[in-house]
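Chain by chain, the residues run as shown.
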Amino acid sequence: MSIRTVSKAIACYHCGENCPPAPIISDGKSFCCEGCKMVYAILNKSGLCDYYAISQNPGSSQRVKVREDKFAFLDDEKISASLLNYKDAHQTFVTFYIPQIHCSSCLWLLENLHKLHASVISSKVNFEKKEVDILFNHEEISLRRVAVLLVSIGYEPYISLNDMRRAKPRPDKSKIFKIGVAGFCFGNIMLLSFPEYFGVNVQEENLVYMFRILNVLLSLPVFFYSASEFYISAWKGLKHRFLNIDAPIVLAIAVTFIRSLYEVVTNTGGGYFDSMSGIVFFMLAGRILQDKTYQQLSFERDYTSYFPIAVTRIKNNGRQSVALPDIRLNDTLLIHNEELIPADGILTKGRALIDYSFVTGESIPLVRQTGEIIYAGGRQVGGNIELLVIKEVAQSYLTRLWNRDEMYNGTKNAERSFVHLLSRYFTWIILAIAAAVALYWSFNDTSKIWPVVTAVLIIACPCALLLSNTFTNGNILRILGRNHFYLRNAQAIEEIGKIDTVVFDKTGTLTVSSNHLIEYAGEAIEKGMGKQIASLAAQSGHPVSRAVADYFDVKDILPVTAFNAVTGKGISGNVAGNSLKIGSREFVCNDEVSEAESSTYISVNDKVLGRFFFKNEYRHNLPELVTQLKGKYRMAVLSGDNDGEKNYLKWLFGTNAAIRFKQKPEDKLQFIKQLQKDGHKIMMIGDGLNDAGALKQADAGIAITDSTNNFTPASDGIIEAEKLPLLYRYIQLCRLNKSIVIASFAVSVLYNIIGIWFAAQGVLSPMIAAILMPASSLSILLLTFGCSSIAAKVLKLK
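A brief report on the enclosed structure follows. Just so it is clear, the structure is predicted and the values come from calculations on it, not from any experiment.

**Notes on the sheet that holds strand β12 (residues 366-368)**
Reasoning step 1: The antiparallel open sheet is built from 3 strands, whose spatial order is β12-β11-β14. What marks the edges here is a single partner per strand, and that holds for β12 and β14 (379-380).
Reasoning step 2: In this sheet, β12 lies alongside strand β11 (residues 352-355) in antiparallel orientation, the contact comprising 3 bridges. Residue I354 lies in a different strand from β12, and its bridge partner there is L366.

**Here we look at unusual backbone geometry**
Reasoning step 1: The backbone phi angle of H484 is positive, close to 70°, even though this residue is not glycine.
Reasoning step 2: Note that H484 resides in the loop between α17 (463-482) and β16 (485-487).
Reasoning step 3: Taking relative accessible area as the criterion, H484 reaches 21% and is therefore assigned partly exposed.
Reasoning step 4: Not every positive phi belongs to a glycine, and A576 is a case in point at roughly 55°.
Reasoning step 5: Here A576 shows up in the loop between β20 (570-575) and β21 (578-583).

**Brief notes about the pattern of salt bridges**
Reasoning step 1: Applying the stated criterion across every chain yields a total of 10 salt bridges.
Reasoning step 2: Between R144 and D75 there is a salt bridge, with its nearest N and O atoms 2.8 Å apart. With a gap of 69 residues between them, R144 in helix α5 (residues 143-152) and D75 in the loop between α2 (50-54) and α3 (77-83) connect regions that are remote in the sequence.
Reasoning step 3: Classification of D75 as partly exposed rests on a relative accessible area of 46%.
Reasoning step 4: For D326, the salt bridge identified is with K78, shortest N-O distance 3.3 Å. Note that D326 is positioned in the loop between β8 (318-323) and β9 (332-335) and K78 in helix α3, a separation of 248 residues in sequence.
Reasoning step 5: Take D326: its relative accessible area is 25%, and that puts it in the partly exposed class.
Reasoning step 6: Look at the salt bridges and you will find they share partners, linking K175, K178 and E229 into a network.

**What to know about the pairing of strand β4 (residues 91-97)**
Reasoning step 1: As paired elements, strand β3 (residues 84-87) and β4 share 3 bridges and run antiparallel to each other. Within β4, the residue paired with Y86 across the bridge is F93.
Reasoning step 2: Connecting the antiparallel pair β3 and β4 is a turn made up of 3 residues.

**Thoughts on the side chain of S119**
Reasoning step 1: Its place among the elements puts S119 in the loop between α4 (104-110) and β5 (120-126).
Reasoning step 2: Leave out the neighbours within four places in its chain, and S119 touches F136, N137, E140 and I141.

**What about the environment of T470?**
Reasoning step 1: The topology assignment puts T470 in helix α17.
Reasoning step 2: For the pair T470 and L284, spaced 186 residues apart in sequence, the C-alpha separation works out to 9.4 Å.

**Describing the nonpolar core**
Reasoning step 1: If you look at the biggest cluster of nonpolar residues, it comprises 47 residues, and the most contacted ones within it are F96, L110 and I134.
Reasoning step 2: For this core, the secondary-structure elements that each account for two or more residues are α1 (34-45), α2, α3, β4, α4, β5, β6 (131-137) and α5.
Reasoning step 3: Counting residues per element, this core draws most heavily on α5, which supplies 6 residues.
Reasoning step 4: Ignoring anything within four residues of it in the chain, the contact list for I134 reads T92, F93, V94, F96, L113, V120, S122, S123, V146 and L150.
Reasoning step 5: I476, A492, L622 and M635 belong to the second largest nonpolar core, which has 46 residues in total.

**Considering the pairing of β9**
Reasoning step 1: The sheet contact formed by strand β7 (residues 310-315) and β9 spans 3 bridges and is antiparallel. Each bridged residue has a counterpart across the sheet, and for I314 the counterpart in β9 is T332.
Reasoning step 2: Alignment of β9 against strand β15 (residues 385-389), held across 4 bridges, turns out to be antiparallel. Across the sheet, I335 pairs through a bridge with I385, a residue of β15.

**Some words on the sheet that holds β7**
Reasoning step 1: The strand order across the open sheet built from 6 strands is β8-β7-β9-β15-β10-β13, with neighbouring strands paired in antiparallel fashion. In the strand order of this sheet, the two ends are held by β8 and β13 (373-374), each with one partner.
Reasoning step 2: Of the strand pairs in this sheet, strand β10 (residues 345-349) and β13 are connected by 2 bridges, and their pairing is antiparallel. Paired with I346 across the bridge in β13 is I373.

**Re the packing of helix α9 (residues 228-239) against helix α10 (residues 246-266)**
For any two helices packed against each other, one specifies the crossing angle of their axes together with the interaxial distance.
Reasoning step 1: Relative to each other, α9 and α10 sit at 130°, their axes nearing to 8 Å. Of the possible angle classes, the one that applies to α9 and α10 is oblique. The chirality of how α9 crosses α10 is left-handed. Where α9 abuts α10, its residues F230, Y231, S233 and A234 lie against D246, A247, I249, V250 and I253.
Reasoning step 2: A class-by-class count of the residues in the contact of α9 with α10 yields 7 nonpolar, 1 polar and 1 charged.

**Considering the state of the cysteines**
Reasoning step 1: Within this structure, the stated rule accounts for 0 disulfides.
Reasoning step 2: Free cysteine: C32, not disulfide-bonded; nearest cysteine sulfur from C36 at 3.8 Å.

**Some points on the environment of M684**
Reasoning step 1: Looking at where M684 falls in the secondary structure, it is placed in strand β26 (residues 682-686).
Reasoning step 2: On a C-alpha basis, the gap between M684 and D716 in space is 10.0 Å, while along the polypeptide they are 32 residues apart.
Reasoning step 3: Sequence-distant contacts of M684, defined by excluding residues within four places in its chain, comprise V503, D505, I672, D691, A694, L695, A698, A700, G701 and I702.

**Section: helix α20 (residues 527-537)**
Reasoning step 1: Most of α20 sits inside the fold, with 8 of its 11 residues counted as buried.
Reasoning step 2: Here α20 has its buried residues at M529, G530, Q532, I533, A534, S535, L536 and A537.

**Let's talk about the packing of aromatic side chains**
Reasoning step 1: Under the criterion given, the structure shown has 22 aromatic pairs.
Reasoning step 2: Between F224 and F257, the aromatic rings sit 6.4 Å apart at their centres with planes inclined by 80°, giving edge-to-face as the arrangement. Taken together, the positions of F224 in helix α8 (residues 205-226) and F257 in helix α10 put the pair 33 residues apart, joining distant regions of the chain.
Reasoning step 3: Between Y520 and F612, the ring centres sit 5.1 Å apart and the planes meet at 50°, which makes this aromatic pair tilted. Taken as a pair, Y520 in strand β18 (residues 511-522) and F612 in strand β23 (residues 607-618) lie far apart in primary sequence, 92 residues in all.
Reasoning step 4: According to the relative accessible area criterion, F612 is buried, its value standing at 0%.
Reasoning step 5: Joined through ring pairs, the aromatic side chains of Y13, F31, Y40, Y51 and Y52 make up one cluster.
Reasoning step 6: The residue whose ring lies beneath K29 is Y13, and the NZ or CZ to ring-centre distance is 5.4 Å.
Reasoning step 7: Across the ring face of Y225, the terminal group of K178 is positioned such that the distance to the ring centre comes to 6.0 Å.

**Here's the deal with helix α18 (residues 490-497)**
Reasoning step 1: Among the 8 residues that make up α18, 7 are buried, leaving the element largely enclosed by the rest of the structure.
Reasoning step 2: Among the residues of α18, A490, A492, I493, E494, E495, I496 and G497 are the ones counted as buried.

**Side note on the environment of F127**
Reasoning step 1: Among the structural elements, F127 can be located in the loop between β5 and β6.
Reasoning step 2: Spatially, the C-alpha atoms of F127 and I98 are 9.8 Å apart, while their sequence positions differ by 29 residues.
Reasoning step 3: In this structure, F127 is in contact with I101, H102, C103 and L107, ignoring residues within four places of it in sequence.

Cut-offs used in this document
- Residues numbered from 1 in each chain as written.
- Predicted model: local features only at pLDDT ≥ 70, side-chain atom pairs only at ≥ 80, totals over all residues.
- Heavy atoms only, no water.
- Pairing = 2+ DSSP bridges.
- Helix = DSSP H or I, 4+ residues; strand = E, 2+ residues; numbered from the N terminus.
- Buried < 20%, exposed > 50% of the residue type's maximum accessible area, 1.4 Å probe, protein only.
- Salt bridge = Lys/Arg side-chain N within 4 Å of Asp/Glu carboxyl O.
- Contact = heavy atoms within 4.5 Å.
- Core = buried A, V, L, I, M, F, W, Y, C linked by side-chain atoms within 4.5 Å.
- Axes fitted to C-alpha atoms, helices over the stretch in contact; angles between N-to-C directions.
- Parallel < 35°, antiparallel > 145°, perpendicular 65-115°, else oblique.
- Left-handed = near helix turned anticlockwise from the far one by under 90°.
- Nonpolar A, V, L, I, M, F, W, Y, C, P; charged D, E, K, R; others polar.
- Disulfide = S-S within 2.5 Å.
- Phe/Tyr/Trp six-rings, centres within 6.5 Å; stacked < 30°, edge-to-face > 60°.
- Lys NZ or Arg CZ within 6 Å of the ring centre and 35° of its normal.

Listed below in structure tokens is the structure:
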């Protein structure tokens, strides 16, 4: 086995990646490629080099050059119109998604686009969504040129078919308006109620009555507008014959408002409008906190987020950009390097190397010859190819795979939150207690019935339970989001807390899909022979040949004669008087023995020296994560790849883990269904289309991605790839969530028992109950917020 050492390289001044042994020097600074140097020159010329002062090496690598005509489709009015937010006679407003946004330097540079081009009027960055809103004068600069401007400074916009089809809904700010109204009224009602709290002189009674009328007026928008959120939720629950947590909240709001209105009308008191508005304000605050954490991410994505918005069509010996919906049967498409195949077709020109890892899970690109069918969803990783369309986008293999009924006809169990289940019993118990005390006082002192019942309903309001749940969930979502684990909603926290089985996809989830480790087994290869082998391998653009050439790290290659490439098998040629072959076992050894591992053999003058075999590069700290998980959870690995690494995975996950290879999407889905049928709660973690059905069916489907806004299948959560080793801690935090809520509920129940005990005896007035209720809720908030934050620190999460 050959082992190589790598010397420490110089970091590129622009992007921070390692420079080659002879870096490109400009202005005394080192760059890894001409692209990074060019971006630096553009910024330096425009006086924007503060970009490098804000963050170290803030740029993205420019080694892969974007071709000049990539955004030609933006000249098509039909396409561009579908992307614009607004356009008038002079100005255009557009929003671009920029996946490279990652630091304050990015924000600063993108908000200074006007310094790079005077026709850009303004630009504003939404850092959470990785989006930039650009307002420009379209009479002087086109949409295409705006995109090219972004590319020139290293911020290529990502535009998918989903952007063209997606309606641009206006953001829902109703809760913001509601909490604004509730907060304004709550503060003013509290201010106007101070005379009631501290007592007033007889001479000021008229002033007090005026304050009471003002309180009534201020309470009306809170009761009828701000609290509507809870009325709607409670009504939906009742229509389904279910008492959710909002039902007793509505009851408490209604009783407090009606009793307060009665006291003001009869001039027997000032009522409890401050408590009612306080209930609404704090509960809306909890829900907004909970919603705010995950609103910037999209958890419902389909194949259109993966497809480009347009491709190049060859027609009448010319080239034109065509939107995907306009691709027709028998069109000839030009597919460039790293472009997606948008429709099923027959290869008519060029040499195809198709990466289907996203669709099938197979990690090695497949070679396709002229005349063979290429299915949609693969990515061309070689040179340009031409394709004759045999099925339009809507009927392509990828589209049909996404829309297959069997992929989605299995639905998750519609379980309600344990908080709603608790509230059902809580509501009936409180109503029973209120009825019992009313009955008792009807025989003893009828004048106390109304005050006592009111005090019981106010003191027993389940605000503390609801607030503890929403604020704990909101804080947990915030903590997880800060650690790059984003959940769809609060219910996902509960589902993760209940799992007993963790199922992983392999390619792209456990492994780094873009990297492969190459190892050599066989006779020792001297430096001179290594240079000859590298020279032959360098003649081919196949990823395997490139990996072999890179293995020897040769700077100067030797001339190759009699070069021959046999598609799908290998290459041969003469180098320095030796006849060399590199390829499959059949091609080099002249036998057809099947192998589990992906191997490439080498022979010199018909003598086999050895073989290179390729292994997936597994993610950092994966063994540590698996060790933590397999002690408490059932484990499984489902892979669409071959079983070449079966032994390693068995060693890593243990003999009790279910490890299956060559799994089709429907196989993964059926595996999840069977585990659920056996009574297990499943977390499925995957990254590709072949995982979409299983992710949707699992109790908690988690999509792993190298960028949170790049395509991921529909899921309950999104985890950034580099944070996968922290998965065990995330699960533990979700499990603690329920314990924290239950503990706070127990404290709330204890408080309610003591309060009801005094209220039922008629010694606790509604006024005191109204003061104690928000005080209790605030104490519960501090408890839950503090406990969840401490739990995160104990688990060493930010």
